[in-house]
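Listed below, chain by chain, are the residues.
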There are 2 protein chains.
Amino acid sequence: MNRFEPNLRIPGPTSLPDAVREAGARQMVNHRGPEFAVLQNSIIDRLKKFYKTDGDVLIVTAAGTGGLESAIVSFLSPGDKVLAITIGAFGDRFAKIATVYGADVTKLSFEWGKAADPAKVREALQAGGPWKAVLMTQNETSTAVTNPIQDLAKAVKDVAPDALVIVDAISGLGAVPFDTDGWNLDVVVSGSQKAWMVAPGLCFVSVSKRAWDAAATAKMPKFYFDLAAHKTSAESGQTPWTPAVAVMFQLDAALTLMEQEGLEDIWKRHAAVGAAVRAGLTTLGFKLLADPEFASDTVTGAWIPEDLDWKTFNGKLRKLGLVVAGGQGALKGKIFRIGHLGHVTVPAILNAMAVLEQTLLELGRPVVPGAAVEAAQVAALKSLGLVK
Amino acid sequence: MNRFEPNLRIPGPTSLPDAVREAGARQMVNHRGPEFAVLQNSIIDRLKKFYKTDGDVLIVTAAGTGGLESAIVSFLSPGDKVLAITIGAFGDRFAKIATVYGADVTKLSFEWGKAADPAKVREALQAGGPWKAVLMTQNETSTAVTNPIQDLAKAVKDVAPDALVIVDAISGLGAVPFDTDGWNLDVVVSGSQKAWMVAPGLCFVSVSKRAWDAAATAKMPKFYFDLAAHKTSAESGQTPWTPAVAVMFQLDAALTLMEQEGLEDIWKRHAAVGAAVRAGLTTLGFKLLADPEFASDTVTGAWIPEDLDWKTFNGKLRKLGLVVAGGQGALKGKIFRIGHLGHVTVPAILNAMAVLEQTLLELGRPVVPGAAVEAAQVAALKSLGLVK
């Protein structure tokens, strides 16, 4: 990782392992033929294990936002009462999609940097209804906060048991602990360019039996994002519209790598890199955005100090081969974000910390040489249980 | 091309040239960074030349059907009167999308295998209205017919000059003569996996000034497929949602190959392979579906003889490395189709004819050895003006 092979530390697209990259160079096959059907059937079976669901998982050719749209229009009707829990830009986007398609949306917003509070969700549910669905974000990429989905879903089950629980898990599923069926989640959306270590172009949507029942009477207009059409096609190993075949090849390769590592070890690796980034950035003097209790293990956001010229700083990072992300929405220009999901290791994080440290030193800022790298490494080792 | 490297003769995904395939294996970049902006700006400028338009061309991460949906929802409102000219399954699909989103659709259907008749379009336009839009298919992949788009668009301009002309050019644009601005077309949709020789996952939509004016008041619900959002993002070299980056890399490589060949020569090559396929199949005794005057130069459909067991026949073709497509919609099980667009040459067609001929002989059917290959080659040479 250097200026010729940058350390791509944005929260997706994640960089691709070589075996995944190279699968993107495969020759096309007939997407209505037997070879593709075997491929898709295998991928769906394997995705279900990472989702921890016995329900359906469908593959849609679109960015994650398209998956969110499919999760709204396939199950809801105009006028349906929807509670949209939002802790950032992506929660707001999810609420907006439901609004655009005519749902009666009540937005429950929490301060950016905080997780959603299950007690407040209970209150909001009790104050209104009857609720057709509750929207929530597992991992809010804009604020680097992971919501307590299990607790939020339990609040819905207790107070509004008929409501569908629809989860944006795009930037977390496959990287951090998740249990679709165990947590009673009805619809869960993920995207290929995140934990799955694959190029963008595909999203995945799990659907519970309850959600299919809702789909049967859902009246929002839909065509491309109609998940019922995807289910019908999937039964014969196809997709209703031509799928992103090359991305499917990459996904096949990536799932093999993920299976070799094992889900539990993937989760441990993400916990370690999350801890490493937070320790390193803090040691460098950055203030983190997220509530420490709910800090994401796939992305970290840090405030840009007022006396730091961000453009100069980021230009130097780029020259040293480190690519980070800026802020989104209300946080544009105020924070930067480091992605650490999918194809990420502790050494890759140490590399990032080293570049940040060197750049701060070049700008004459007071940092202790080596301290951030050391702190990141120790935090990772502690997370892995190798150091007390 | 053999059983290990099949001759993929379906009407998309087309097989990929090596330089295109290999571009699919590139490492990811930041889709909000300067490198991606340069890439997208370059691709859009070059697509405009193939579209022959000075209007906008936008890139959407979706299958072609998503592009069709974007062409409906971005410009129309529920209740708008729309004339949908259809000559097959994809024309019917386009009409259905408009219907689903609440347009007041009048379908003008022509017999499958025939092109749309501009005189009948004039009559239909005069009999109703006021028309907000007219939908038409340039190249109907299900029947292997190419519509006279220039004449159809002129009929609209003469009779209903305020109507937007919205064209599905997914399986033809880039392969056969087309002139977006010269023919006064407002919205034109194409797809990466067709003439562009790229994996599926991207579609392209051109938008005229008139269409943008309509977009300003369009009320159909939309989010992912909102082309106005794509235009805003494109102005800073981005897309509103994460784009299919690897497919963009492939498109960049494919456009270079297309520029090296030149648009006129690409058109000539497709005319030659179209003539070759039609001559070869006819010589083999197959009856073609399309009206000869409007036969497509990107795909050919042939009736399956009643006394030919298609499954046995197709199984033998596959063993010899030839992959063809079946029929769609009402033609399922009745025809087979040979794709000849994008990455296709006359020798690749001769290979297909040789496999078909050998297979017919194996099944004991009366064919003259070598005759189909000869006829295909002569037809190609005539098309190229090398033989009188």
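Residues numbered from 1 in each chain as written. Chains lettered and ligands numbered in written order. Predicted model: local features only at pLDDT ≥ 70, side-chain atom pairs only at ≥ 80, totals over all residues.

## Quick look at the overall build of chain A
Each helix and strand counted, chain A has 13 helices and 13 strands in total. Taking 2.2 N^0.38 as the reference for a compact globule, 388 residues should give roughly 21 Å; the C-alpha atoms of chain A span a radius of gyration of 21 Å, in line with that estimate. For chain A, the C-alpha atoms occupy an extent of roughly 65 × 55 × 40 Å along the three principal directions. Of all 388 residues assigned to chain A, the portion counted as buried reaches 58%. (Helix = DSSP H or I, 4+ residues; strand = E, 2+ residues; numbered from the N terminus. Rg over C-alpha atoms; globule rule 2.2 N^0.38 Å. Buried ≥ 20, exposed ≤ 12 C-beta atoms within 10 Å, placed from the backbone.)

## Overview of the relation of the copies chain B and chain A
Laying chain B over chain A is done by rotating through 180° and shifting 0.0 Å along the axis; what remains is an RMSD of 0.0 Å. The two molecules are tied by a two-fold rotation axis, judged by turn and shift. Most of the interface of chain B is mirrored in chain A, where 98% of its interface residues again form contacts. (Least-squares fit on C-alpha atoms with pLDDT ≥ 70 in both. Contact = placed C-beta atoms within 7 Å.)

## Considering the domain arrangement of chain A
Residues and elements named next belong to chain A. One can read the domain layout of chain A as domain 1 (7-13 + 262-383) and domain 2 (18-259). Here the C-alpha centroids of domain 1 and domain 2 sit 28 Å apart. Taken together, the elements giving at least two residues each to the side of domain 1 that touches domain 2 come down to α10 (263-283) and β11 (299-303). Class assignment for the residues of the side of domain 1 that touches domain 2 results in 13 nonpolar, 10 polar and three charged. (Domains from an automatic or database assignment. Nonpolar A, V, L, I, M, F, W, Y, C, P; charged D, E, K, R; others polar.)

## Section: the nonpolar core
Grouped together as the largest cluster of nonpolar side chains are 287 residues, with contacts concentrated most on Ala98 of chain A together with Ala98 of chain B. Leaving out residues up to four positions away in the same chain, Ala98 of chain B has contacts with Ile72, Leu76, Val82, Ala84, Ala103, Val105 and Leu135 of chain B. (Core = buried A, V, L, I, M, F, W, Y, C linked by C-beta atoms within 7 Å.)

## Some thoughts on the packing of α10 of chain A against helix α12 (residues 346-362) of chain A
All names here are of chain A. In contact at an axis separation of 9 Å, α10 and α12 are set at 15° when each is read in the N-to-C sense. Put simply, α10 runs roughly parallel to α12. α12 is crossed by α10, and the crossing has right-handed handedness. Along the contact surface, α10 presents Ala272, Val273, Ala276, Val277 and Gly280, while α12 presents Val346, Ile349 and Met353. Of the residues belonging to the contact of α10 with α12, the class tally is seven nonpolar, one polar and no charged. (Axes fitted to C-alpha atoms, helices over the stretch in contact; angles between N-to-C directions. Parallel < 35°, antiparallel > 145°, perpendicular 65-115°, else oblique. Left-handed = near helix turned anticlockwise from the far one by under 90°.)

## A look at the interface of chain B and chain A
The interface of chain B with chain A comprises 42 residues on the first partner and 42 residues on the second. Ranked by residues supplied to the side of chain B that touches chain A, first place goes to helix α3 (residues 64-73) of chain B with four residues. Across the side of chain B that touches chain A, the residue classes tally to 24 nonpolar, 15 polar and three charged.

## As for the environment of Lys209 of chain B
Along the polypeptide, Lys209 of chain B turns up in helix α7 (residues 209-215). Once the C-alpha coordinates of Lys209 of chain B and Arg21 of chain B are considered, the two residues, 188 residues apart in sequence, prove to be 36 Å apart.

## Let's talk about the sheet that holds strand β11 (residues 299-303) of chain B
All names here are of chain B. Taken together, the four strands give an open sheet; going across it, the order is β1-β12-β13-β11, and neighbouring strands pair in mixed fashion. Edge positions in the open sheet fall to β1 (7-9) and β11, since each of these has one partner strand only. Mean inter-strand twist for the sheet, computed between neighbouring axes without regard to direction, equals 30°. For β1 and strand β12 (residues 322-326), the ladder comprises three bridges, and the chain directions are parallel. What sits directly across from Asn7, in β12, is Leu322. Packed onto the sheet, helix α12 (residues 346-362) meets β1, β12 and β13 (335-339) and runs at close to 90° relative to β1. (Pairing = 2+ DSSP bridges.)

## What about helix α4 (residues 89-100) of chain B?
All names here are of chain B. Across its 12 residues, α4 extends 16 Å between first and last C-alpha, which sits within 8% of the 16 Å expected from 1.5 Å per residue. Three or more residues of α4 are buried, namely Ala89, Phe90, Gly91, Arg93, Phe94, Ala95, Ile97 and Ala98. In this structure, the buried side of α4 is in contact with α3, β3 (81-86), β4 (104-109), β5 (133-137), β6 (139-140) and β8 (164-168). (Expected span 1.5 Å × (residues − 1).)

## Here we look at the sheet that holds β5 of chain B
Within a beta sheet, neighbouring strands are joined by backbone hydrogen bonds and run either parallel or antiparallel to one another. Residues and elements named next belong to chain B. The strand order across the open sheet formed by seven strands is β2-β10-β9-β8-β5-β3-β4, and the pairing between neighbours is mixed. Single-partner strands in this sheet number two, and they are β2 (56-61) and β4. Strand-to-strand, the axes of this sheet are offset by a mean angle of 20°, without reference to chain direction. When β2 meets strand β10 (residues 202-207), the two strands line up antiparallel, connected through six bridges. Bridge pairing in β10 links Ile59 to Phe204.

## Re the pairing of β11 of chain A
Residues and elements named next belong to chain A. Judged by how many residues are buried, β11 sits mostly within the fold: four of five residues are covered. Here β11 pairs with strand β13 (residues 335-339) via five bridges, running antiparallel. Along β13, the bridge assignment pairs Trp303 with Ile335.

## Considering the pairing of β3 of chain B
All names here are of chain B. β3 sits mainly inside the fold: five of its six residues count as buried. For β3 and β4, the ladder comprises six bridges, and the chain directions are parallel. Looking at β4, one finds that Lys81 is bridged to Asp104. Of the crossover connections in this fold, the one passing from β3 over α4 to the parallel β4 is right-handed. One ladder, built from three bridges, connects β3 with β5; its direction is parallel. Paired with Val82 across the two strands is Ala133, which belongs to β5. (Right-handed = clockwise from strand over helix to strand, strands pointing away.)

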